[in-house]
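# Structural overview for review
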Amino acid sequence: MSRRVVVALLGPVTWSPPGIDPARWRTALAEDVVDLFATLNEVETAVAVTAPDRWLADAVVWPGTGVYEVPEPTPNAVFAAVAAGYDQVAVVAADAPDVPGLTLGKLLRPLTTRPVAVAPVEGGGAGLLGVAARLPVPAWLPELDLDTTEPAEVRRSAPSPGDVAVTAGWRRMRGPADLAALDPAVEGWEATRALLSGRPV
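Conventions we followed
Residues numbered from 1 in each chain as written. Predicted model: local features only at pLDDT ≥ 70, side-chain atom pairs only at ≥ 80, totals over all residues. Heavy atoms only, no water. Helix = DSSP H or I, 4+ residues; strand = E, 2+ residues; numbered from the N terminus. Rg over C-alpha atoms; globule rule 2.2 N^0.38 Å. Contact = heavy atoms within 4.5 Å. Lys, Arg positive; Asp, Glu negative; His and termini not counted. Charge placed at Lys NZ, Arg CZ, Asp CG, Glu CD. Phe/Tyr/Trp six-rings, centres within 6.5 Å; stacked < 30°, edge-to-face > 60°. Buried < 20%, exposed > 50% of the residue type's maximum accessible area, 1.4 Å probe, protein only. Lys NZ or Arg CZ within 6 Å of the ring centre and 35° of its normal.

### Some points on the overall build of the protein chain
Helices and strands together make up the secondary structure of the protein chain, namely 7 helices and 7 strands. Relative to a compact globule of 201 residues, whose C-alpha radius of gyration would be 17 Å, the protein chain shows 16 Å and is just as compact. Within the protein chain, counting contacts between residues at least 6 apart in sequence, those at least 24 apart form 64% of the total. Taking the 16 positively charged and 24 negatively charged side chains of the protein chain as two groups, their mean positions are separated by 5 Å.

Given below as structure tokens:
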């Protein structure tokens, strides 16, 4: 059975709701994504963070969760950091507090037949929710940025567009419209929910 790891990339968060401290907002988002990871089956989980943001990893990880310090907050840096010991790795943005576990599972599923899979951001705007790859990562994989890279860019870099699966997407919290799309009836995203409601987190 393949050894798989899903990594939350605790990269910069460029937007926060008015009146909410950006550091607290970033922490709540990351905490919800890490809490979701704890419910995933048949995968190991970890977070990746640059050295100056190690405080964020320490604030949100569960005991035993792997923490990778990377030189830059990019999927490529994460792939390089976790290459030893795994067959497949998925890197997911840590600003999607209500992402369903099923969506993350769909990101990994194509790796049985394709070397790379990408999940787009829903709701407008450039970027990816996440990217998954079989290890070792293909030499043709370009430098990726979860905030700006589009699925079509990755497919153009591949020897054949079919080498890159485009899976189900999900929204990231990058503006008021994304915030408005949070569904209070959906379970999860407890830290973000508490912060938005004014309760201490």
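### Re the environment of Ser2
The residue Ser2 is located in the segment before strand S1 (4-9) in this model. Measuring from C-alpha to C-alpha, the distance between Ser2 and Ala168 comes to 22 Å, with 166 residues separating the pair along the chain. Apart from the residues within four sequence positions on either side, Ser2 is in contact with Asp87 and Gln88.

### Considering the packing of aromatic side chains
Taken as a whole, this structure holds 1 aromatic pair when the rule is applied. Taking 6.1 Å as the distance between ring centres and 85 degrees as the angle between the ring planes, the aromatic pair formed by Trp15 and Trp25 counts as edge-to-face. A residue pair is termed long-range when its members are at least 10 positions apart, and Trp15 in the loop between S1 and helix H1 (22-37) and Trp25 in helix H1 qualify at 10 residues. For Trp15, a relative accessible area of 18% puts it in the buried group. Sitting over the ring of Trp189, Arg193 keeps its end group 4.1 Å from the ring centre.

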